[in-house]
Amino acid sequence: MKEFRGISASPGIVISKAFLYNEENFTVPFYKITEDEVDREIERYNRAILSASEELQELKKSITREYSQEEARFLDSHILMLHDPMFKEQVFDRLKSDLSNVEWIVQGVIQALVDKLNASGDIYMQERTMDMNDVAKRIINNLMMRKRISLSDLKEEVIVVTPDLLPSDTLLMNKRMVKGILMDVGGRTSHTAILARSFGIPAILGLRTITRDLSSGDTIIMDGQSGMVILDPDKETLARYRRKQTEYLKRESKLYNLKNFPSETQDGKEILLKANIEVPDELDSVNAFNAAGIGLFRSEFLVMQTGLEMDEELQYSVYKKVIEGMNGSPVTIRTLDVGGDKLINEIAQKNEKNPLLGWRAIRFCLDRIDVFKVQLRAILRASVAGPVRIMFPMISGIEELEKATGILNEVKRDLEAEGIAFSSDIPVGCMIEVPSAAMTSDILARKADFFSIGTNDLIQYTIAVDRGNEKISDLYEPFHPAVLRLIRMVVENGHGAGIPVGMCGEMAGDPMMTVILLGLGLDELSMSAFGIPEIKRIIRSTTILEAEELLGTLMDMKSIRDIDRYVRNWMEERFEFITG
Ligand code: PEP
Ligand code: MG
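What counts as what
Residues numbered from 1 in each chain as written. Chains lettered and ligands numbered in written order. Predicted model: local features only at pLDDT ≥ 70, side-chain atom pairs only at ≥ 80, totals over all residues. Heavy atoms only, no water. Donors = N, O, S within 2.8 Å, 3.2 Å for Na, K, Ca; no water. Helix = DSSP H or I, 4+ residues; strand = E, 2+ residues; numbered from the N terminus. Buried < 20%, exposed > 50% of the residue type's maximum accessible area, 1.4 Å probe, protein only. Salt bridge = Lys/Arg side-chain N within 4 Å of Asp/Glu carboxyl O. Core = buried A, V, L, I, M, F, W, Y, C linked by side-chain atoms within 4.5 Å. Contact = heavy atoms within 4.5 Å. Domains from an automatic or database assignment. Near = heavy atom within 4 Å. Polar contact = N/O pair within 3.5 Å; in protein donor to acceptor, adjacent residues only side chain to side chain. Areas by Shrake-Rupley, 256 points an atom, 1.4 Å probe, with all protein chains shown as cover. Nonpolar A, V, L, I, M, F, W, Y, C, P; charged D, E, K, R; others polar. 1 Å grid on protein atoms, 1.4 Å probe; cavity = no way out; pocket = protein on both sides within 12 Å on 5 of 7 lines; lining within 4 Å. Points joined across faces, edges and corners; volume = space filled by probe spheres on them. Expected span 1.5 Å × (residues − 1). Arc of directions from axis to C-beta. Pairing = 2+ DSSP bridges. Axes fitted to C-alpha atoms, helices over the stretch in contact; angles between N-to-C directions. Right-handed = clockwise from strand over helix to strand, strands pointing away.

Visitor: Before we move on, can you summarise the coordination of the magnesium ion (ligand 2) with the specific residues and values?
Guide: Those donors, Glu 433 (OE) and Asp 457 (OD), are the protein atoms that reach the magnesium ion (ligand 2), and they lie 2.0 to 2.1 Å from it. Here the residue Glu 433 occupies a position in the loop between strand S13 (428-432) and helix H17 (435-439), and Asp 457 occupies one in helix H19 (residues 455-463), the gap between them amounting to 24 residues. Judged by its relative accessible area of 2%, Asp 457 falls in the buried class.

Visitor: Explain the pattern of salt bridges to me, and be specific about the residues and the numbers.
Guide: A full pass over the atoms with the stated rule returns 33 salt bridges. One salt bridge connects Arg 40 with Glu 41, and the closest N-O pair in it is separated by 3.0 Å. Here Arg 40 falls in the partly exposed class, since its relative accessible area comes to 39%. A salt bridge links Glu 324 to Lys 320, with the nearest nitrogen and oxygen atoms 3.5 Å apart. On the criterion of helical spacing, the pair formed by Glu 324 and Lys 320 is a turn pair, its members being four residues apart in helix H12 (residues 312-325).

Visitor: Go over the nonpolar core, please, and point to the residues and values.
Guide: By size, the foremost hydrophobic cluster in this structure holds 101 residues, and its most contacted members are Phe 451, Ile 487, Ile 516, Leu 522 and Leu 525. Here Ile 516 is in contact with Phe 479, Leu 484, Leu 550, Leu 551, Leu 554 and Val 567, once residues within four sequence places are set aside. Within the second largest apolar cluster, 32 residues are counted, among which are Leu 75, Met 81, Phe 87 and Ile 140.

Visitor: Go over the domain arrangement of the protein with me, naming the residues and quoting the values.
Guide: Split into domains, the protein comes out as domain 1 (2-22 + 149-253), domain 2 (27-143) and domain 3 (261-579). Here the C-alpha centre of domain 2 lies 33 Å away from the C-alpha centre of domain 1.

Visitor: How would you sum up unusual backbone geometry? Please name residues and give values.
Guide: Of note in this structure, Ala 361 is not a glycine but carries a positive phi near 45°. As for its position among the elements, Ala 361 is in helix H14 (residues 361-367). We note that Met 394 has phi near 60°; this positive angle belongs to a residue other than glycine. Along the chain, Met 394 turns up in the loop between strand S12 (388-392) and helix H16 (398-418). You can call Met 394 buried: its relative accessible area is 1%.

Visitor: Can you break down the site of ligand 1 residue by residue, with the values?
Guide: Looking at ligand 1, there are 16 residues lining it, with Arg 298, Arg 334, Lys 342, Asn 456 and Arg 467 nearest. Asn 456 places a polar main-chain atom, nitrogen or oxygen, 2.8 Å from an oxygen atom of ligand 1. A distance of 2.7 Å is found between an oxygen atom of ligand 1 and a side-chain nitrogen or oxygen belonging to Arg 467. Summarising the interface, the protein chains cover 100% of the accessible area of ligand 1, which totals 290 Å² for the free molecule. Where the shell around ligand 1 is concerned, the elements lending two or more residues are helix H7 (191-198), strand S10 (294-298) and H19. Here the shell around ligand 1 takes three residues from H19, the largest share from any one element. Residues that form the shell around ligand 1 fall into these classes: four nonpolar, five polar and seven charged.

Visitor: How would you sum up empty space enclosed by the protein? Please name residues and give values.
Guide: For the coordinates displayed, the defined rule picks out four cavities of 30 Å³ or more. Estimates place the volume of the largest cavity at around 60 Å³. Every residue lining the largest cavity is counted, 13 residues in all, and those nearest its centre are Arg 298, Arg 334, Met 431, Glu 433 and Asn 456. Of all the elements in the fold, those that place two or more residues in the lining of the largest cavity are S10 and H19. Among the residues making up the lining of the largest cavity, the classes are represented as three nonpolar, three polar and seven charged. Those elements that provide at least two residues to the lining of the second largest cavity are helix H9 (235-256) and helix H22 (532-540).

Visitor: Explain helix H24 (residues 560-574) to me, using residue names and the numbers behind them.
Guide: In this model H24 runs 21 Å from its N-terminal to its C-terminal C-alpha over 15 residues, within 8% of the 21 Å that 1.5 Å per residue would give. For H24, every residue scored as buried is listed here: Ile 563, Asp 564, Val 567, Trp 570 and Met 571. For H24, the angular spread of the buried residues around the axis is 140°, confining them to a single face. Within H24, the exposed residues directed more than 90 degrees away from the buried face are Arg 561 and Glu 573.

Visitor: Explain the side chain of Ser 441 residue by residue, including any values.
Guide: Mapped onto the elements, Ser 441 comes out in helix H18 (residues 441-445). Of the residues examined, Ser 441 reaches a relative accessible area of 0% and is grouped as buried. In contact with Ser 441, not counting residues within four places along its chain, are Phe 451, Met 489, Val 490 and Asn 493.

Visitor: Quick rundown of the sheet that holds strand S16 (residues 524-527)? Include the residues and the values.
Guide: With parallel pairing, eight strands are arranged side by side around a closed barrel as S9-S10-S11-S12-S13-S14-S15-S16. Going across the sheet, the axis of each strand differs from the next one's by a mean of 25°, ignoring polarity. Pairing of strand S9 (residues 272-277) with S10 involves three bridges; the strand directions are parallel. From the neighbouring strand, Asn 276 faces S10, where its bridge partner is Leu 296. Running at roughly 160° to S12, helix H15 (residues 369-382) makes contact with strand S11 (331-334) and S12 of the sheet.

Visitor: Break down the pairing of S12 for me, with residues and values.
Guide: Most of S12 is tucked away: five of the five residues are buried. Burial of the side chains of S12 extends over both faces: Val 388, Ile 390 and Phe 392 are buried on one face and Arg 389 and Met 391 on the other. The pairing of S11 with S12 spans four bridges and is parallel. Its bridge partner lying in S12, Ile 333 is registered against Ile 390. Where S12 and S13 come together, three bridges link them in parallel fashion. Residue pairing in the sheet places Phe 392 in a bridge with Cys 430 of S13. Regarding the hand of the β-α-β motif, the stretch spanning S12, H16 and S13 is right-handed.

The following block contains the structure:
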């Protein structure tokens, strides 16, 4: 029996087998062949293309089933590439001239194409290189009769153990079979953590060497709450965790029963509890937990799957589906927040020294107005289907907010001229996630219909600590007095201008923070749908008066340590059910 401790990223207790997912161990064999063996290699190649093609069709079916036909569209280009006659011709020609094994040739031909596209300077072409590498890997895996390890193909329940996961891995994995996620890297607000919470999958990140410490098939216990992983547990430990698991599930179902009760403090203040979503697939849980709306739709996840060429029709159909799925509760669509930690090809290829401080979010959209306008048109058109709010990410000052709003107005005029309907009542909000925006929130408040505080980035930029870097995760502190002061300033300025102030960063779903946020005066909290019941229970057991008293005491404290200790004691004394 051996224990490891990481960063608790999504709660839940799992006892299951480990499944090591490590795409990095991909090596291509090389050997010489004789002229007589060329036909055999051609035969192998043709068979591999056939089975790769079957695999892709299967994958397409399952994505269509889980998401929608539109979201499976990116696979069409993979299927086309697989059958491209020019590609085949190049492979066969080189096979005959080089006399090397066909895996090696495929790799070489693809590499040459990738190099050519990268050198072309054409952004659209460059975006194709990731797809090409993916297709090459699929062909080579089939040539080597190596089943491509794909998280979407899992057939039994496992805990996925991996160095890192791409958002697309997390989106596409078979969520019925992935019972938990353990990762070498990552922190509480990294995107794998956010997605894991959205899907209700327990996760522990920042385990540093877990992929070397565990092997596929090992029996492990993971406790997403405490960040504890136990390898080869003895009988007694197993029995203890089985009991803990039962208690946890009982508690969850008790909390779930609160779904039809209002989210109101004991002295009658209603706090709207909304859900954050990344893909429309999450609507079921949003409705199951009775969220008061969607407080943050991270629309960039669509482009991370399909590429920037995603057209207006596709976006329109996704937004419409989400709006209709919310049956009249408002949906807040955040415009594309690509870049930083949410890299897409076009930005990744710029090789920025500081992507987190670079060409991202609203900066990207104000530069790529073509992309921005397509998204705004799609949102406006979808607004006919139900209440929508538009929100701009990473605003750092009034100029950006004015420019973004100006473009939105231009798009509205275009639609009017074309006779295309859209709602005349779409609140336009500003995310407050950069310290300069918080500091000038009095100015921004005059030009925005609402504020939503993005604490994941606000903490990152205020304390200058990379939110995804496990090495410095102990510096990432929501209790930092600077963070609390900035939030207070934003709420006061927002309310001073008569606009509502919400929060959609992970802090909004952290039970340890709830009473503080009530004291700070937040009107709306948006979080993973699974987190709503616990936060609701705390709200329902508190008065605004005592929340303000608690906040008053904390605001006089000087150190994170003092605030942290005081809050934990205060919360644990009052709420025996708390899990934070
Ligand atoms: C945030 O920064 O708090 C936020 C909600 O946005 P994201 O996590 O997508 O950057
Ligand atoms: Mg953010």
